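Fold and contact review
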Amino acid sequence: MSEQGTVFLDGLRVTAQHLNHLEDSAQQAVGDLRRVLGLSRIGFGFRIEVAGDGKTATLSPGLAFTADGRRLSLDEGAALTIPEGEGPFSVALTAASHDDPTTRVGDTGTIIYADTSVAVAADVAVGPDTLVVGTLARNDDGNLTATQDDRLFLAPASHGHTGAFYQDGLGIWRFDGPRLVEHDEVAGPPGPPG
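Residues numbered from 1 in each chain as written. Predicted model: local features only at pLDDT ≥ 70, side-chain atom pairs only at ≥ 80, totals over all residues. Heavy atoms only, no water.

Counting its secondary structure elements, the chain contains one helix and 12 strands. Listed N to C, the secondary structure of the chain is α-β-β-β-β-β-β-β-β-β-β-β-β in terms of helices and strands. Taking 194 residues into account, the globule formula puts the C-alpha radius of gyration at 16 Å, and the chain, at 23 Å, lies well above it. Projecting the C-alpha coordinates of the chain onto the three principal axes gives extents of approximately 70 × 70 × 30 Å. Of all 194 residues assigned to the chain, the portion counted as buried reaches 27%. Taking all contacts inside the chain whose residues are at least 6 apart in sequence as the whole, residues at least 24 apart take part in 50%. Counting only carbon and sulfur atoms, one obtains 53% of the accessible surface of the chain, whose full area is about 12900 Å². If the 13 positive side-chain charges of the chain are averaged to one point and the 27 negative ones to another, these points end up 2 Å apart. (Helix = DSSP H or I, 4+ residues; strand = E, 2+ residues; numbered from the N terminus. Rg over C-alpha atoms; globule rule 2.2 N^0.38 Å. Buried < 20%, exposed > 50% of the residue type's maximum accessible area, 1.4 Å probe, protein only. Contact = heavy atoms within 4.5 Å. Areas by Shrake-Rupley, 256 points an atom, 1.4 Å probe, with all protein chains shown as cover. Lys, Arg positive; Asp, Glu negative; His and termini not counted. Charge placed at Lys NZ, Arg CZ, Asp CG, Glu CD.)

Structurally, Ser158 can be placed in the loop between β10 (144-147) and β11 (165-167). For the pair formed by Ser158 and Gly177, sequence separation is 19 residues and the distance between their alpha carbons is 9.5 Å.

Moving on to the pairing of strand β4 (residues 62-65). Alternating positions in β4 separate into two faces, Gly62 and Ala64 on one and Leu63 and Phe65 on the other, with burial throughout. Across four bridges, the pairing between strand β1 (residues 41-45) and β4 is antiparallel. Along β4, the bridge assignment pairs Ile42 with Ala64. Note: β4 against strand β5 (residues 71-74), four bridges, orientation antiparallel. Looking at the pairing, Phe65 lines up with Arg71 of β5. (Pairing = 2+ DSSP bridges.)

With respect to the helices and strands, the residue Ser60 is situated in the loop between β3 (57-59) and β4. At 3.1 Å, the side chain of Ser60 forms a polar contact with the backbone nitrogen of Phe46. Separated by 2.9 Å, the side chain of Ser60 and the backbone nitrogen of Arg47 make a polar contact. Leave out the neighbours within four places in its chain, and Ser60 touches Gly45, Phe46, Arg47, Glu49, Gly77 and Trp173. (Polar contact = N/O pair within 3.5 Å; in protein donor to acceptor, adjacent residues only side chain to side chain.)

For helix α1 (residues 16-37), with 22 residues, the first-to-last C-alpha span of 31 Å sits near the 32 Å given by 1.5 Å per residue. Of the residues making up α1, those classed as buried are Ser25, Gly31 and Arg34. Tucked into the core, α1 has its buried residues touching β4 and β5. Positioned one or two residues after α1, Gly38 has a phi angle of 125°, which is positive. (Expected span 1.5 Å × (residues − 1).)

With that settled, consider the sheet that holds strand β6 (residues 78-79). Pairing is antiparallel in the open sheet, where three strands are placed in the order β2-β3-β6. One side of each edge strand has no neighbouring strand; the edge strands of this open sheet are β2 (48-50) and β6. Bridge count for β2 against β3 is three bridges, and the pairing is antiparallel. Note on β3: the bridge partner recorded for Val50 is Ala57.

Moving on: the sheet that holds β4. If you trace the three strands from one edge of the open sheet to the other, you get β1-β4-β5, paired in antiparallel fashion. The open sheet has two free edges, formed respectively by β1 and β5, since each of these has just one partner strand. Shown here is a sheet whose adjacent strand axes are inclined to one another by a mean of 10°, direction ignored. (Axes fitted to C-alpha atoms, helices over the stretch in contact; angles between N-to-C directions.)

Structure below.
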């Protein structure tokens, strides 16, 4: 028996049912992988970086999943528009979609594209399609500080548990896993022989 999927053979008349089954199988596999990795998590990137002048901030490119498993992705960094005031301001990513109007059949979109919007606000309506990746606040000097919870970030398969962030060979921000506490304990007595 084969894995779930669609088998295409020479001479097969491919129908919408075949293509929809192919799409459903792929979506199920992707959904399973996302659940295994963890929902409401950042796979890589999405680091909030405050500029050297302390007045502006950017969000690095990245990939994350919302609580309902939708993909959040930015291929390029985003300049963050920060409201006036001290804050704190949530930096939120929201998943949405749009269709290609030229491919509609009647009112039904047939090619759908995923979108990720970035918002910085004091009050963010957090729902299943939104992930807050950190906060920004201004100190007494008016300089920005960014805060991000390490628990949001997934570590790559090869990591060292240093608790640090680093840029890989492609310049993508990665989390090296939560820092493991080292113990300087004295060894206890030996156990029973055997």
